[in-house]
Amino acid sequence: DAKTTQPPSMDCAEGRAANLPCNHSTISGNEYVYWYRQIHSQGPQYIIHGLKNNETNEMASLIITEDRKSSTLILPHATLRDTAVYYCIVRSSTGTASKLTFGTGTRLQVTL
Amino acid sequence: NAGVTQTPKFQVLKTGQSMTLQCAQDMNHEYMSWYRQDPGMGLRLIHYSVGAGITDQGEVPNGYNVSRSTTEDFPLRLLSAAPSQTSVYFCASSPTSGGATALVKNIQYFGAGTRLSVL
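Residues numbered from 1 in each chain as written. Chains lettered and ligands numbered in written order. Predicted model: local features only at pLDDT ≥ 70, side-chain atom pairs only at ≥ 80, totals over all residues. Heavy atoms only, no water.

### As for the overall build of chain A
Then step 1. The secondary structure content of chain A amounts to 0 helices and 9 strands.
Then step 2. Ordering the α and β elements of chain A from the N terminus gives β-β-β-β-β-β-β-β-β.
Then step 3. For the C-alpha atoms alone, the extent of chain A along its principal axes is close to 40 × 30 × 25 Å.
Then step 4. Looking at chain A as a whole, 44% of its 112 residues are labelled buried.
Then step 5. Pairs at least 24 apart in sequence give 57% of the contacts found in chain A among residues at least 6 apart.
Then step 6. Total accessible area on chain A is roughly 5700 Å²; 49% of this is exposed by carbon and sulfur atoms. (Helix = DSSP H or I, 4+ residues; strand = E, 2+ residues; numbered from the N terminus. Buried < 20%, exposed > 50% of the residue type's maximum accessible area, 1.4 Å probe, protein only. Contact = heavy atoms within 4.5 Å. Areas by Shrake-Rupley, 256 points an atom, 1.4 Å probe, with all protein chains shown as cover.)

Here you go:
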């Protein structure tokens, strides 16, 4: 699996968009980008995933650059409840197991 | 639909004691796994199972045993607890049955965690 790099922390004002970057410059053609988050003391929660097209669901949007070397998770209107650690994970779409490798992620602090 | 249920939520052990952390899922997921999370660190994989009767080691398996006799349950056993095993333990599952692709398998559902202290 490709290595990912994320900033250790970010701040965002409530109601504003939170843009969380992730660098994955060694990503290969069959690898997808997945985002999870972990709210304090809870288990990680799946947010969204994508291959090369931009994706949107009820939680967030995922923008992947054309060369796929980086991506941005966008929370369009951040709330205090979005304060969490966000993990960017790159995983192959093939294989029989699904061992996720969690790094240290980005700690997002949403403030009033 | 309860999802992934972990018990107990909290546990304090003395060094050398043994115990079993329980994990159950009601989503008929074939893949289950155990992670530990230490303060300020990401999650590390302990053991995983791709189906009943099949288990394998993850990144940090020493001091832990697992078994998978049913699809629903995946208990984690601490054989002789040590202070280094003080951590938060998370169980996760994902669908791999019915020809589900890896794309789907990488979407994992986590339990609420078990907070273990070993004195």
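### A look at the side chain of Ser-61 of chain A
All names here are of chain A.
Then step 1. Within the secondary structure layout, Ser-61 lies in strand S6 (residues 61-64).
Then step 2. The class for Ser-61 is buried, based on a relative accessible area of 17%.
Then step 3. At a separation of 3.0 Å, a polar atom in the side chain of Ser-61 contacts the side chain of Thr-56. (Polar contact = N/O pair within 3.5 Å; in protein donor to acceptor, adjacent residues only side chain to side chain.)

### A few points about the sheet that holds strand S1 (residues 9-13) of chain A
Residue and element names in this part refer to chain A.
Then step 1. Judged by pairing direction, the sheet is mixed, and its 5 strands sit side by side in the order S1-S9-S8-S3-S4 without closing on themselves. Both edges of this open sheet fall to S1 and strand S4 (45-50), since each of them pairs with a single strand only. For this sheet, the mean angle separating the axes of adjacent strands, direction not counted, is 25°.
Then step 2. Relative to strand S9 (residues 106-111), strand S8 (residues 84-92) is paired through 3 bridges, and the arrangement is antiparallel. Residue Ala-84 lies in a different strand from S9, and its bridge partner there is Leu-108. (Pairing = 2+ DSSP bridges. Axes fitted to C-alpha atoms, helices over the stretch in contact; angles between N-to-C directions.)

### A closer look at the nonpolar core
Then step 1. Trp-35, Leu-73, Tyr-86 and Leu-108 of chain A are the most contacted members of the largest nonpolar core, which totals 22 residues.
Then step 2. Among the elements of the structure, strand S2 (18-23), strand S3 (31-38), S4, S6, strand S7 (70-75), S8 and S9 of chain A are those that each provide at least two residues to this core. (Core = buried A, V, L, I, M, F, W, Y, C linked by side-chain atoms within 4.5 Å.)

### Looking at the sheet that holds strand S5 (residues 55-56) of chain A
Then step 1. An order of S2-S7-S6-S5 (chain A) is seen for the 4 strands of this open sheet, with the pairing classed as antiparallel. For this open sheet the edge positions go to S2 and S5 of chain A, each flanked by a neighbour on one side alone.

### A few points about the pattern of salt bridges
Then step 1. All chains considered together, the criterion is met by 3 salt bridges over all chains.
Then step 2. For Asp-82 of chain A, the salt bridge identified is with Arg-37 of chain A, shortest N-O distance 2.8 Å. Of this pair, Asp-82 of chain A sits in the loop between S7 and S8 while Arg-37 of chain A sits in strand S3; the two residues are 45 residues apart in sequence, bridging distant segments of the chain.
Then step 3. On the basis of relative accessible area, Arg-37 of chain A is assigned to the buried category, the value being 11%.
Then step 4. The closest approach of N and O atoms between Arg-36 of chain B and Asp-38 of chain B, which form a salt bridge, is 2.9 Å. For the pair Arg-36 of chain B and Asp-38 of chain B, a shared accessibility class is recorded, and that class is buried. (Salt bridge = Lys/Arg side-chain N within 4 Å of Asp/Glu carboxyl O.)

### Examining the environment of Pro-76 of chain A
Residues and elements named next belong to chain A.
Then step 1. Within the secondary structure, Pro-76 sits in the loop between S7 and S8.
Then step 2. By relative accessible area, Pro-76 is classed as partly exposed at 41%.
Then step 3. Expressed as a C-alpha distance, the spacing of Pro-76 and Ala-18, which sit 58 residues apart in the sequence, is 6.4 Å.
Then step 4. Residues in contact with Pro-76, not counting those within four places in the same chain, are Gly-15, Arg-16, Ala-17 and Met-59.

### Observations concerning the environment of Cys-91 of chain B
Residue and element names in this part refer to chain B.
Then step 1. Within the element layout of this structure, Cys-91 appears in strand S9 (residues 87-94).
Then step 2. In this structure, the C-alpha to C-alpha distance between Cys-91 and Gln-11, residues 80 residues apart in sequence, is 16 Å.
Then step 3. For Cys-91, the contacting residues outside a window of four places in its chain are Val-4, Gln-6, Cys-23, Met-32, Ser-33, Trp-34, Tyr-109, Phe-110 and Gly-111.

### Digging into the packing of aromatic side chains
Then step 1. Under the criterion given, the structure shown has 5 aromatic pairs over all chains.
Then step 2. Between Tyr-36 of chain A and Tyr-46 of chain A, the aromatic rings sit 5.8 Å apart at their centres with planes inclined by 75°, giving edge-to-face as the arrangement. Residue Tyr-36 of chain A is located in strand S3, and its partner Tyr-46 of chain A is located in strand S4; the two are separated by 10 residues in the primary sequence.
Then step 3. We classify Tyr-36 of chain A as buried; its relative accessible area is 0%.
Then step 4. Arranged with centres 6.2 Å apart and planes meeting at 85°, the rings of Tyr-36 of chain A and Phe-110 of chain B form a pair that is edge-to-face. Here the residue Tyr-36 of chain A occupies a position in strand S3, and Phe-110 of chain B occupies one in strand S10 (residues 109-110), the pair thus bridging two chains. (Phe/Tyr/Trp six-rings, centres within 6.5 Å; stacked < 30°, edge-to-face > 60°.)

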